[in-house]
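# Tertiary structure, described
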Amino acid sequence: MSSIAITMPTPENPALALAQEASSSLWMDAYRRLSKNKMALAGATFILIEAFICLITPWIAPYGFEQQNLEFTLARPSFAHWLGTDTLGRDLFTRVLYGGRVSLMVGILASLVSVVVGVIYGAVSGYAGGKIDSVLMRVVDILYALPFIFLVIILMVYFGRNIVLLFVALGLTEWLTMARIVRGQVISLKQKEFIEAAVSMGIPTRFIVLRHLVPNTLGPVIVYLTLTIPSAILSEAFLSFLGLGVQAPMASWGTLISSGVEVMEVAPWVLISPAIMLSLTLFSLNFLGDGLRDALDPKGAKD
Amino acid sequence: MGLRYLLGRLLGMIPVFFAVVTAIFFLIRFAPGGPFDSERNVPPQILENLNKKYHLDEPLLMQYVHYLNDLAHGDLGPSFKHANRTVNEIIGEAFPVSLELGLISLVWALLIGITAGGLAALKPNTAFDYIPMSISILGICLPTFVIGPFLVLVFGMWLEIAPVSGWDSIGDRILPSLTLGFAFAAYISRLTRGGLMEIRSLDFVRTARAKGLPESLILVKHTLRGGLLPVVSYLGPALAGIIAGALVTETIFSIPGLGRFFIESALNRDYTVVMGTSLLYFTLIFVCNFLVDVTYTILDPRVRHE
């Protein structure tokens, strides 16, 4: 719930105080609708708790991430090891926590890359209009047809599998829809009076786009960002599962699931815990994203 | 308009394909590490011969010309890691397996998806609607590499009613194809439900109902064609998704398909196999997208007359 509060106008912020006075401002309405959506709230709560736990993992993890105990391999869940141990006797609870850090980090960073590229591309395209717009959008159409995951695999293979390349590459596969959304918003916004006013005052184009247009596309961008994060987490897990993503000694939920599959006949718990965590995270983010979309899209809203 | 549009799409693919070939070729050649790096203690003379054999000693541009020339003749070159095997042989062996897996999965996806979505649209807000639509959320959110192992655990190991690896008997096809098809069945069921519900509220359906046509006939003759349009346009992305999903499915179930070869050669840096396989994937996806466009144009008169 408090993740919403970040984007909410607050009394401390005088610029937004006016908007808050009118009780039916976009953000107030959105907040009201979202708080009625139980699934979205549950998702938001889960994600917040998870993000917090991932942040403080180094201080709360019961064992070291790399700490092996070869006399105690593939142990069942017990009081000593809540989720059991893996083939090298490493504590799974610890590894699932650390894996979550990597998965969430890659997901969030990749999504931010996609936001930056998508927003700039879409805003330029929409604001420029005319020939530039149609050429830029034609490029997006063509790129839509490319199966990006194969390009990412090729990149990972040939440039070594490092984590920076991983989230940049994943981010670069996800920006197309964002660019389309922002372009649509900008096209409808640029005919509004306040943009006309800014133009007539002689404000440079760069400022109009960055200061006046982009901030007004924030709603749809936030919604789509929330939906991009699970998709980036999923792609990262997909690559890691195949051995092409995060490399040892680091681990993400994808690599943990992959090593769980290898021993699932004798020790299914090695597979089950990271799989459940990944699934719950994907569910929560999807529900939250859908909830935010319903809340921020006045057209689709029913109340 | 329809025909010109399709022709334009077809011609537009050629430069994209060419760009992809060029990009992959140069990416691979500029990347660190040669194909024979991992072979230990290769005498310099042999290394030189190997490089000569695969034209690696010539200037980059010449290598590119060689590759384009071979490609134009349908020759994808030799595998660098599997001695005495060409990429064409490897693809010829592994591709039919993947094709079969993909087609069975697609049949599952369409069969389950359209049936479930159709039932849900016929009886909205009943158990026929809620139960399959709840399951479909699982299918959309959960990745193949969670669903696959889950099915293996439940049906393969605990209930022991289906084989979990290999590709020999009919039974071997069950779990992999269900794993791969599940996500798409889920998506298709939602699209079918949505599409049918939208069409059912249109005037011509009301007219049909007013004429006294039975509900089943209205469904088959009037709503199905329009209501399935979203499903048709989803088939392009679905096919691309099935190809990518097959990488995971073939790994989980130890199926000797193209996906496994692709991953194996990606991990081994078998340049030519990676290139050949990627090009095959790209071509397949382009062709499928094009066929989907053609189907869409046939089904939807609005596209034709625009």
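The rules behind each value
Residues numbered from 1 in each chain as written. Chains lettered and ligands numbered in written order. Predicted model: local features only at pLDDT ≥ 70, side-chain atom pairs only at ≥ 80, totals over all residues. Heavy atoms only, no water. Axes fitted to C-alpha atoms, helices over the stretch in contact; angles between N-to-C directions. Helix = DSSP H or I, 4+ residues; strand = E, 2+ residues; numbered from the N terminus. Parallel < 35°, antiparallel > 145°, perpendicular 65-115°, else oblique. Left-handed = near helix turned anticlockwise from the far one by under 90°. Contact = heavy atoms within 4.5 Å. Nonpolar A, V, L, I, M, F, W, Y, C, P; charged D, E, K, R; others polar. Buried area = accessible area lost by both parts, 1.4 Å probe. Salt bridge = Lys/Arg side-chain N within 4 Å of Asp/Glu carboxyl O. Buried < 20%, exposed > 50% of the residue type's maximum accessible area, 1.4 Å probe, protein only. Patch = residues over 30% accessible without salt bridge, like charges linked within 9 Å, V, L, I, M, F, W, Y side chains within 5 Å. Areas by Shrake-Rupley, 256 points an atom, 1.4 Å probe, with all protein chains shown as cover.

## A word on the packing of helix α13 (residues 218-241) of chain A against helix α15 (residues 268-296) of chain A
Residues and elements named next belong to chain A.
- As a packed pair, α13 and α15 sit with axes 8 Å apart at the nearest point and diverge in direction by 165 degrees. Judged on the interaxial angle alone, α15 and α13 are roughly antiparallel. Considering only the axes of α13 and α15, their crossing is left-handed. Contacts from G219, I222, V223, T226, L227, I229, P230, I233, L234 and A237 in α13 reach L278, T281, L282, L285, N286, L288, G289, D290, L292, R293 and L296 in α15.
- Looking at side-chain class alone, the contact of α13 with α15 contains 14 nonpolar, 5 polar and 2 charged residues.

## Quick word on the interface of chain A and chain B
- Between chain A and chain B, the contact holds 36 residues from the first and 38 residues from the second.
- Between chain A and chain B lies a buried interface of about 3300 Å² when both sides are counted; carbon and sulfur atoms form 86% of it.
- Seen at the junction of chain A and chain B, the total is 0 salt bridges.
- When contributions to the side of chain A that touches chain B are tallied by element, the ones reaching two or more residues are α8 (148-158), α13, α14 (253-262) and α15 of chain A.
- For the side of chain A that touches chain B, the leading source of residues is α15(A), giving 10 residues.
- Here the residues of the side of chain A that touches chain B sort into 30 nonpolar, 4 polar and 2 charged.

## Let's talk about the pattern of salt bridges
- Across all of its chains, the model carries 11 salt bridges over all chains by this definition.
- Ionic pairing is found between D141(A) and R180(A), a salt bridge with its closest N-O pair at 2.5 Å. On the criterion of sequence distance, the pair formed by D141(A) in helix α7 (residues 130-144) and R180(A) in helix α10 (residues 175-189) is long-range, its members being 39 residues apart.
- Across the pair E215(B) and R200(B) runs a salt bridge, and its minimum N-O distance is 3.1 Å. One end of the pair, E215(B), is in helix α9 (residues 215-227); the other, R200(B), is in helix α7 (residues 174-200), and 15 residues separate them in sequence.
- Relative accessible area serves as the criterion here: at 32%, E215(B) is assigned to the partly exposed category.

## Comments concerning unusual backbone geometry
Residue and element names in this part refer to chain B.
- You will see that N125, though not glycine, has its phi angle at about 60 degrees, which is positive.
- Along the chain, the position of N125 falls in the loop between α4 (87-122) and α5 (127-141).
- Positive phi values are uncommon outside glycine, yet S254 reaches one of about 50 degrees.
- Residue position: S254 is located in the loop between α10 (229-252) and α11 (258-268).

## Some remarks on a nonpolar patch on the surface
- Side chains of I272(A), I276(A), L280(A), F155(B), W158(B), L159(B) and I161(B) sit close together on the surface and give an oily, nonpolar patch of about 670 Å² of accessible area.
- Those elements giving two or more residues to the nonpolar patch turn out to be α15 of chain A together with α6 (144-158) of chain B.
- Structurally, I272(A) can be placed in helix α15.

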